[in-house]
Amino acid sequence: MKDDEMYRHPRLHKRGDTYYFRAKVPVDLIACYPGAEIKFSLRTRDRQVAWQRVQIESLRLDREFDERRKSAVQHTAPLTVITSIDDEFIAKLKASFLRDSLDCDTDLRTSPFGEVDYELRQEHLEQQLAALRQANRTGDTSLIEGLLKVFLRSQGYELRLPDRDYRRLSLAFLQGYTKTIQSIALRDEGELVEPEVLAPSSSLLPRPTARPVLAQLTWDQLFEKWRNATVRRAKTSDEFQRILKAFETFTRGIQPAEVGKRQVIDFRDHLLAEKQTSKTVDKKISILRTIFRVAVHDELLPSDPTAGVLVAMPKTTKKPRAGFTSDELGTIFGAAVFQRGAVAGRKFGPAEFWLPLIGLYTGARIEEIAQLRVKEIRRHAALGYFFHITDEGEDSAVKNESSRRRVPVHQRLLDAGLLAYAESLPDQDGYLFPTLTPDKYQRRSSGFGKEFGKFLRDELKILDRRKVFHSFRHLFKHRCRELGISEDVHDALTGHTSASEARSYGNDEYPLEPLFAAMAAFHFEGVPAPLSYAKWPK
């Protein structure tokens, strides 16, 4: 089984049915290890569990690498051996970890987050919280034990505790780590989270002495440091590497530690002189900022050269995406492909009829629809048919935990003959839209997304480039609000996440009854009914 895009990680590998952690030892640390690679079992056959564990282990190992580098370049004071603990030590440990993490997060916010920075954080924060909540429920501290030891060493301590005390400390650190991630998530929701209030300086463990800076960090090491910090989508990694390589070329061979604010400003001005838009240039500077800040956080560079480098933006900016208007819906679904079933000769055949309709009446993401399998249209005996959006298929992926969901099939889709179309497919174990093929990132929707854009601009003359397939999702959410469908229900229908802790309680799947009730109430005025599949020209 291939690792899908959502669960890829450069240090996650599978052998047989078991997942393993594998990491190359940095060249400057090879003498400190018995081999050139560190490899061990993650003790699971579940790819989601493996993905969660590999993130924690990567964080632990990177801290360990940093500690090795420190000891290699400077004499360090002997570690304080801890043979017993009390409530005060536990409280100071939790406060120190929280403060260290929040201070780092504060540094990241010194300059405004770019669009890319925020999106990347959101992709994995909820996954971390889900794993930590499960660990707190079961008392499983295996996720954080390595990190606990490495963090204590960075603070000048070494543990030699009886099993009972070690268990007590591990559980407390697990709670502290969970609170840290929750606090960062609250900041991302706009809440005021002040480090000095949550973890005042007087409550911390004594700080270690000054730490060294790695002077010979190469561009490749800089990129690898960022990529290994957490899970990265293949497309994201390629984009970041391409932009960092362009910046390296522009700086004409100087090393990362030699880069200053002047070089970043010159790069910004060079991009603007090439007539790249302010938004594009801001995105590229944000990407460089994200990469450099990881190295600064891990004390491999003394400062972030992108700090304070801004890109002047227009006073008024359009939303990057917008929902379709009623007139535009009439234009789209009044086209021959929907009114006459004219799919013959079109590049993606029947998919060009069904994907927009499903997008309109579910608000699902384009890739979620493209990767549906025939058997993922399921039937509840009392309620009816629903889409089971999941990542259980071999090449399937979802954006986050909430994306796994059940979405009732709207009556308009049933009237259009969706079930008859599904039954007509020769491979009942295969994809619902077999004409869609994966790109190099294993996304089945990329080709269709481009074709749909051409359909809007060239055939229908809908020229506003904010109008794309994702506009169906914006429109679905807006229409749900107009119809008075409660937020938790339409979040469950669309797979949107919520910061509410209360919504994390209960069963994993949202109850079907309110979802079917909402879908029965959901409708559009004036959207032409499509031609039924039974009447398509054969």
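The rules behind the values
- Residues numbered from 1 in each chain as written.
- Predicted model: local features only at pLDDT ≥ 70, side-chain atom pairs only at ≥ 80, totals over all residues.
- Heavy atoms only, no water.
- Helix = DSSP H or I, 4+ residues; strand = E, 2+ residues; numbered from the N terminus.
- Buried < 20%, exposed > 50% of the residue type's maximum accessible area, 1.4 Å probe, protein only.
- Axes fitted to C-alpha atoms, helices over the stretch in contact; angles between N-to-C directions.
- Parallel < 35°, antiparallel > 145°, perpendicular 65-115°, else oblique.
- Contact = heavy atoms within 4.5 Å.
- Nonpolar A, V, L, I, M, F, W, Y, C, P; charged D, E, K, R; others polar.
- Phe/Tyr/Trp six-rings, centres within 6.5 Å; stacked < 30°, edge-to-face > 60°.
- Expected span 1.5 Å × (residues − 1).
- Pairing = 2+ DSSP bridges.
- Salt bridge = Lys/Arg side-chain N within 4 Å of Asp/Glu carboxyl O.
- Polar contact = N/O pair within 3.5 Å; in protein donor to acceptor, adjacent residues only side chain to side chain.
- Core = buried A, V, L, I, M, F, W, Y, C linked by side-chain atoms within 4.5 Å.

Glancing now at the overall build of the protein chain. Within the protein chain one finds 20 helices and eight strands. Counting the 538 residues in the protein chain, one finds 49% classified as buried.

Let us look at the packing of helix H4 (residues 145–154) against helix H5 (residues 163–188). Direction vectors running N to C along H4 and H5 enclose 90°, while the axes themselves pass 10 Å from each other. When the axes of H4 and H5 are compared, the pair comes out roughly perpendicular. Contacts from Glu 145, Leu 147, Leu 148, Lys 149, Phe 151 and Leu 152 in H4 reach Tyr 166, Leu 169, Ser 170, Phe 173 and Tyr 177 in H5. Among the residues making up the contact of H4 with H5, the classes are represented as eight nonpolar, one polar and two charged.

With that settled, the discussion passes to the packing of aromatic side chains. Tallying each qualifying case throughout the model produces 34 aromatic pairs. Residues Phe 469 and Phe 472 carry aromatic rings whose centres are separated by 5.2 Å and whose planes lie at 80° to one another, so their mutual orientation is edge-to-face. For Phe 469, a relative accessible area of 6% gives the class buried.

For the rest of this paragraph, the subject is helix H9 (residues 261–273). Every α-helix winds through 3.6 residues per turn, so residues three or four apart in the chain are directed the same way. Relative to the 18 Å expected for 13 residues at 1.5 Å per residue, H9 spans 18 Å between its end C-alpha atoms, a close match to the ideal helical length. The elements touched by buried residues of H9 are helix H8 (234–250) and helix H10 (278–297). Following H9 by one or two positions, Lys 275 adopts a phi angle in the positive range, close to 70°.

The next subject is the sheet that holds strand E3 (residues 37–41). Within the open sheet, the three strands sit side by side as E1-E2-E3. Their pairing is antiparallel. The open sheet has two free edges, formed respectively by strand E1 (12–15) and E3, since each of these has just one partner strand. Going across the sheet, the axis of each strand differs from the next one's by a mean of 30°, ignoring polarity. With four bridges connecting them, E1 and strand E2 (residues 18–24) associate as antiparallel partners. Paired with Leu 12 across the two strands is Phe 21, which belongs to E2.

What follows concerns helix H17 (residues 446–459). Over its 14 residues, H17 runs 19 Å from end to end, which matches the ideal 20 Å to within 8%, given 1.5 Å per residue. Within the sequence span of H17, burial applies to Ser 446, Phe 448, Glu 451, Phe 452, Gly 453, Phe 455, Leu 456 and Arg 457. Trailing H17 by a residue or two, Lys 461 shows a phi angle of about 60°, which is positive.

A few words on the pattern of salt bridges. Applying the stated criterion to the full structure yields 19 salt bridges. Arg 227 serves as the salt-bridge partner of Glu 224, at 2.8 Å between the closest nitrogen and oxygen. Of the two residues, Glu 224 and Arg 227 are both situated in helix H7 (residues 219–227); the distance of three residues between them amounts to about one turn of the helix. Classification of Glu 224 by relative accessible area gives partly exposed; the value is 29%. With a shortest N-O distance of 2.7 Å, Glu 368 and Arg 365 are connected by a salt bridge. The residues Glu 368 and Arg 365 share a single accessibility class, namely buried. Salt bridges sharing partners connect three or more residues here, namely Arg 346, Glu 352 and Glu 459.

Let us now look at the packing of H8 against H10. Contact geometry for H8 and H10: axes closest at 10 Å, N-to-C directions at 95°. In terms of orientation, H8 lies roughly perpendicular with respect to H10. For the pair formed by H8 and H10, the contact residues are Glu 239, Phe 240, Ile 243, Leu 244 and Phe 247 on the first element and Lys 283, Lys 284, Ile 287, Leu 288, Thr 290, Ile 291 and Phe 292 on the second. Looking at the contact of H8 with H10 residue by residue, the classes come out as eight nonpolar, one polar and three charged.

With a phi close to 70°, Lys 275 is a non-glycine residue in the positive phi region. As for its position among the elements, Lys 275 is in the loop between H9 and H10. Given the relative accessible area of 73%, Lys 275 is considered exposed. Positive phi outside glycine occurs at Lys 461, with the angle close to 60°. If you trace the backbone, Lys 461 turns up in the loop between H17 and helix H18 (471–482). For Lys 461, a relative accessible area of 59% translates into the label exposed.

Before going further, it helps to examine the side chain of Thr 362. Residue position: Thr 362 is located in helix H13 (residues 351–362). A distance of 3.1 Å separates a polar atom in the side chain of Thr 362 from the backbone nitrogen of Ala 364.

Let us now look at the nonpolar core. If you look at the biggest cluster of nonpolar residues, it comprises 63 residues, and the most contacted ones within it are Trp 354, Phe 387 and Phe 433. Among the elements that line this core, the one with the most residues is H13, at eight residues. Ignoring any residue separated from it by four or fewer positions in sequence, one finds Phe 387 in contact with Ile 358, Thr 362, Leu 372, Glu 376, Ile 377, Arg 405, Arg 406, Val 407, Val 409, Leu 413 and Leu 418. One finds Leu 102, Leu 148, Leu 174 and Leu 204 within the second-largest nonpolar core, a separate group that totals 37 residues.

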